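Take a look at the letters that make up each chain.
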Amino acid sequence: MKQLRLAAAAALAVLLSAVAVAATPASAAEVLVNGGFESGSLSPWTCSASSGSVVTSPVRTGTRALQGVPAGLDNSQCVQTASVVSGTQYTLSAWVRGSYVYLGVTGGSSTWTPNATDWTQLTVTFTASGSTAQVYLHGWYGTGNYYADDVSLQGAGGTPVPGTPGTPVAGTVTNTSIALSWTASSGTVTGYRVYEGSTVVSSPTGASATISGLATCSTHTYSVAGVNSAGESARSGSVTVTTTGCGTGVPGAPANLRVTATTNTSLALAWNASTGTVSGYRVYEGTALRTTVTGLSATLTGLVACTSHTYAVRAYNASGESSPATITAATTGCPVGNLPKHLLTGYWQNFTNGATPLRLSSVPTTYDIVAVAFADANPSLPGAVTFNVDSGLSSALGGYTNAQLRTDITTLHSRNQKVILSVGGERGTVSIGSSTAATNFANSIVDLITSFGFDGVDIDLENGLNPTFMEQALRSIRSRVGANLLITMAPQTIDMQSTGAGYFTLALNIRDILTIVHTQFYNSGSMLGCDQMFAYGQGSINFLTALACIQLQSALRPDQIALGLPASPSAAGGGYVNPTVINSALSCLAAGTSCGSFVPPARWPNIRGAMTWSINWDASNGYNFANTVHNHLVTMP
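Position labels on residues start from 1 in each chain and follow its written sequence. For this predicted model, a pLDDT threshold of at least 70 governs which residues receive local features, and a threshold of 80 or more governs which side-chain atom pairs are given and counted, while totals over whole chains, interfaces and linings are taken from all residues. Side-chain descriptors were evaluated using all non-hydrogen atoms of the structure, hydrogens and water having been removed beforehand.

**Student:** If you had to explain the environment of Ser620 to someone new, which residues and values would you point to?
**Tutor:** Considering the arrangement of structural elements, one finds Ser620 in helix H9 (residues 615-620). Owing to a relative accessible area of 40%, Ser620 belongs among the partly exposed residues under this scheme. Considered as a pair, Ser620 and Ser185 are 435 residues apart in the sequence and their alpha carbons are 63 Å apart. It only takes one pair of heavy atoms within 4.5 Å for two residues to be counted as in contact. What Ser620 contacts, discounting residues up to four positions off in sequence, is Ala355 and Thr356. Under the DSSP-based scheme used, a helix requires at least four consecutive residues in state H or I and a strand at least two consecutive residues in state E, with every element numbered from the N terminus. Note on exposure labels: buried denotes an accessible area under 20% of the residue type's maximum, exposed denotes more than 50%, and partly exposed covers the range between, all computed with a 1.4 Å probe on protein chains only.

Printed below as a string of structure tokens:
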């Protein structure tokens, strides 16, 4: 996990620091050829393993775009080599879609997005060090297709893009349309693109356009870019316009929809008033109308404990209904079994690395679950694992045996602590890639549970997993050990950015038998949260709450979600926060208090708790992590 991803974290930090939205110099020109793939062929792009093609859908502009299909050990890298001027700054950009899409310059800067569900622009700047530069796009292994359009390399040489057009001015405005005009771009211009956000809503050839098909009394913000064969200009300033009919048309959508209270059988919602004339509000779940109210709140009753619900609220009047405001929330009353409602998990190191070496019996009772790290791959039996007390640890403790570990597990059980066996880790080589391997894994885990008295298994495979065969293995273990088996997972942050990723898929597929997912919210750099608005930087409350929100809004139950953090700055390459920040993040997610600038759209009072790597590093720091976080967890309702 965790045996320090210093090099990887440093490399990611360098990668992210290279990202910039640089102003294009006035003399800049388009250097790439066929960046929009409008020729209908890839040339002069080339893609590894013939994995790239030109498609007609989805496209951002024009009629064609690039599709890359990662498969096996190929990440579908597509490259083009361009002539550049040494010592000159260039700006490389592309609009992309896909679970994981990377853009960069071979031997230089790069950037990526982990979950671009719609067209998202990636941009890097670099200074050329020779007469040519190779630019590339690629996806990631086994995460699905990616798409790219409007790839641009701006710098010295080539044909200049148009100048920036003037800020658009509104002309005639009706209930359903807005007319715009603007000052033309300088230079060669073949047309314009009118944007609303990142969406092109019109592509006129002249310096005016009428946007139609709009909702009555709806507000829109537009900007314009000039276009020629070299690419697109910088966007103009923006204009915001509201269609007419606010007094007579349908109302605007309710704003700030939120959850104000939860019980085992009810959810209370509130929202801000819609614009326009409002007769009342209707609350839907799917297509079913759940309630109609005239005020700004509603309570949905008769629900089942520990269930997730997605509601849409629409304002209405005699003219019709507004567009919806939506929210997902869960009732309380999730089963906790023989575990505390809120708990702390810690990893006990079966090796030495500078942290305090410990006998298992030395772990304080502030830790509710202790994950023994790690089981090792059995080199003679694919998928199987083995476990013994590490010889280096035994030596550091003056002698420590398997028999003593078994006794210590019994001691922890007498203190109402659970002990599970973790499989994998950063340097782990366990691989479950076939049905046979799944069977071997299950057999070996059951044998170790029987031999040592472990209460369950933790999956910490940091080099990828096959969700199909891992599910097979875990269900086999559960069927043989019984309903009290604990199953936990410790995915890296990137593994839980998209439900299409292997770890996330596995968690969703086994949610009926899964105990906890304690994602490693560290060694991660910056990543998108559930709002898909910002790449939040690790080591902050916003990073913890916005990324945990992704899982909390999924089909996983809140009691299956925990926050994983390093116990001290020495325990990880990056992402450490003071334990008080973890407490604030838990309060924010559970009750909407102590939040940072990101405020989650719902409350999840059943969120399970926290995890740390590691108990040993915490011991080296006077158990500050456990004492601080555990004391907060026991006060949570």
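Continuing now.
**Student:** Describe unusual backbone geometry, listing the residues and the values that go with them.
**Tutor:** Cis peptide bonds are those with omega within 30 degrees of zero, and the linkage from Ser43 to Pro44 qualifies with 5 degrees. With respect to the helices, strands and loops of the structure, Pro44 is situated in the loop between strand E1 (29-30) and strand E2 (46-47). Across the junction of Ser57 and Pro58, the peptide omega takes the value -5 degrees, indicating a cis bond. Positive phi outside glycine occurs at Asn34, with the angle close to 60 degrees. With respect to the helices and strands, the residue Asn34 is situated in the loop between E1 and E2. Phi at Phe37 is positive, roughly 60 degrees, even though this residue is not glycine. Checked against the element boundaries, Phe37 lands in the loop between E1 and E2.

**Student:** Talk me through the pattern of salt bridges; I want residue IDs and the actual numbers.
**Tutor:** Close approach of charged atoms lets side chains of opposite charge pair. By definition, a salt bridge exists where a carboxyl oxygen of Asp or Glu is found within 4 Å of a side-chain nitrogen of Lys or Arg. Taken as a whole, this structure holds ten salt bridges when the rule is applied. Note that Arg282 is salt-bridged to Glu321, the shortest N-O span being 2.9 Å. Placement of Arg282 in strand E23 (residues 280-285) and of Glu321 in strand E27 (residues 320-321) is noted, with a sequence separation of 39 residues between them. Assessed through its relative accessible area of 25%, Arg282 is described here as partly exposed. According to the relative accessible area criterion, Glu321 is partly exposed, its value standing at 27%. Arg359 is the partner of Asp408 in a salt bridge, and the nearest nitrogen-oxygen pair spans 3.0 Å. Of this pair, Asp408 sits in helix H3 (residues 402-414) while Arg359 sits in the loop between strand E29 (343-349) and strand E30 (369-377), placing them 49 residues apart in sequence. A relative accessible area of 3% places Asp408 in the buried class.

**Student:** Quick rundown of the sheet that holds strand E13 (residues 169-173)? Include the residues and the values.
**Tutor:** DSSP bridges decide pairing: two strands pair if at least two such bridges lie between them. Spatially, the three strands line up as an open sheet ordered E13-E14-E17, and their pairing is antiparallel. Across the chains shown, the open sheet's two edge strands, defined by having one partner strand only, are E13 and strand E17 (208-211). When strand polarity is set aside, the average angle formed by the axes of neighbouring strands in this sheet is 25 degrees. Bridging between E13 and strand E14 (residues 178-181) involves three bridges; their strand directions are antiparallel. Each bridged residue has a counterpart across the sheet, and for Val169 the counterpart in E14 is Ser181. Every axis in this analysis is a line fitted to C-alpha atoms, fitted for helices over the stretch in contact. Angles between the N-to-C directions lie between 0 and 180 degrees.

**Student:** Summarise the environment of Met489; cite the residues concerned and give the values.
**Tutor:** Structurally, Met489 can be placed in strand E34 (residues 486-489). Judged by its relative accessible area of 0%, Met489 is buried. Separated by 437 residues in the primary sequence, Met489 and Gly52 place their C-alpha atoms 34 Å from one another. The residues contacting Met489, other than those within four sequence positions of it, are Asp458, Ile459, Tyr503, Leu506, Ala507, Ile510, Leu514, Ile516, Val517 and His518.

**Student:** With reference to specific residues and values, describe the environment of Ile615.
**Tutor:** By the element assignment, Ile615 lies in helix H9. Since its relative accessible area comes to 0%, Ile615 is described here as buried. Spatially, the C-alpha atoms of Ile615 and Val363 are 7.4 Å apart, while their sequence positions differ by 252 residues. Not counting residues within four places of it along the chain, the set of residues in contact with Ile615 comprises Gly346, Tyr347, Trp348, Leu358, Val363, Tyr367, Val370 and Tyr623.

**Student:** I'd like a description of the sheet that holds strand E10 (residues 132-138), backed by residues and values.
**Tutor:** Strand order in the open sheet formed by five strands is E2-E5-E10-E7-E8, and the pairing between neighbours is antiparallel. Sheet topology places E2 and strand E8 (110-113) at the edges, where each strand pairs with a single neighbour. Strand direction decides the pairing type here: strand E5 (residues 78-83) and E10, joined by six bridges, are antiparallel. From the neighbouring strand, Gln80 faces E10, where its bridge partner is Val135.

**Student:** Can you lay out the packing of aromatic side chains for me, pointing to particular residues and giving the numbers?
**Tutor:** Here a Phe, Tyr or Trp ring, Trp counted by its six-membered ring, pairs with any other such ring whose centre lies within 6.5 Å, and the pair is stacked when the planes are under 30 degrees apart, edge-to-face when over 60, and tilted otherwise. Taken as a whole and judged by the stated rule, the model has 17 aromatic pairs. Considering the side-chain rings of Tyr102 and Trp112, the 5.6 Å spacing of their centres and the 10 degrees angle between planes classify their relative orientation as stacked. Of this pair, Tyr102 sits in strand E7 (residues 101-105) while Trp112 sits in strand E8, placing them ten residues apart in sequence. For Tyr102, a relative accessible area of 13% puts it in the buried group. Residue classification places Trp112 among the buried residues on the basis of a relative accessible area of 10%. On the basis of an interplanar angle of 50 degrees and a centroid distance of 5.7 Å, the ring pair of Tyr347 and Trp613 is categorised as tilted. Taken together, the residues span a long stretch of sequence, with Tyr347 in strand E29 and Trp613 in strand E39 (residues 609-613) at a distance of 266 residues. For the pair Tyr347 and Trp613, a shared accessibility class is recorded, and that class is buried. Aromatic ring contacts, followed pair by pair, group Tyr100, Tyr102, Trp112 and Trp140 into a single cluster. Whether a charge sits over a ring depends on NZ of Lys or CZ of Arg being within 6 Å of the ring centre and within 35 degrees of the ring normal. Its guanidinium or amino end placed over the ring of Trp95, Arg60 lies 3.8 Å from that ring's centre, counting from NZ or CZ.

**Student:** How would you explain helix H6 (residues 502-509) if you had to name every residue and give the values?
**Tutor:** Regarding H6, the residues found buried are Tyr503, Phe504, Leu506, Ala507 and Leu508. Of the surrounding secondary structure, the elements contacted by the buried residues of H6 are strand E33 (456-461), helix H5 (467-481), E34, strand E35 (516-520) and helix H7 (541-552).

**Student:** Please give an account of the state of the cysteines that cites residues and values.
**Tutor:** By definition, a disulfide links two cysteine residues through a covalent bond between their sulfur atoms. Cysteine sulfur atoms are paired as a disulfide whenever they fall within 2.5 Å. This structure, assessed with the given rule, holds three disulfides. One disulfide in the model links Cys47 with Cys78; its S-S distance is 2.1 Å. Taking the torsion about the S-S bond as the criterion, the Cys47 to Cys78 disulfide, at about 110 degrees, is right-handed. In this pair, Cys47 is assigned in strand E2 and Cys78 in strand E5, connecting sequence segments 31 residues apart. The class for Cys78 is buried, based on a relative accessible area of 0%. Between the sulfur atoms of Cys530 and its disulfide partner Cys549 the distance amounts to 2.2 Å. Disulfide Cys530 to Cys549: torsion about the S-S bond roughly 85 degrees, handedness right-handed. With Cys530 in the loop between strand E36 (526-528) and strand E37 (535-537) and Cys549 in helix H7, this residue pair connects regions lying 19 residues apart in the sequence. Judged by its relative accessible area of 19%, Cys530 falls in the buried class. Assessed through its relative accessible area of 0%, Cys549 is described here as buried.

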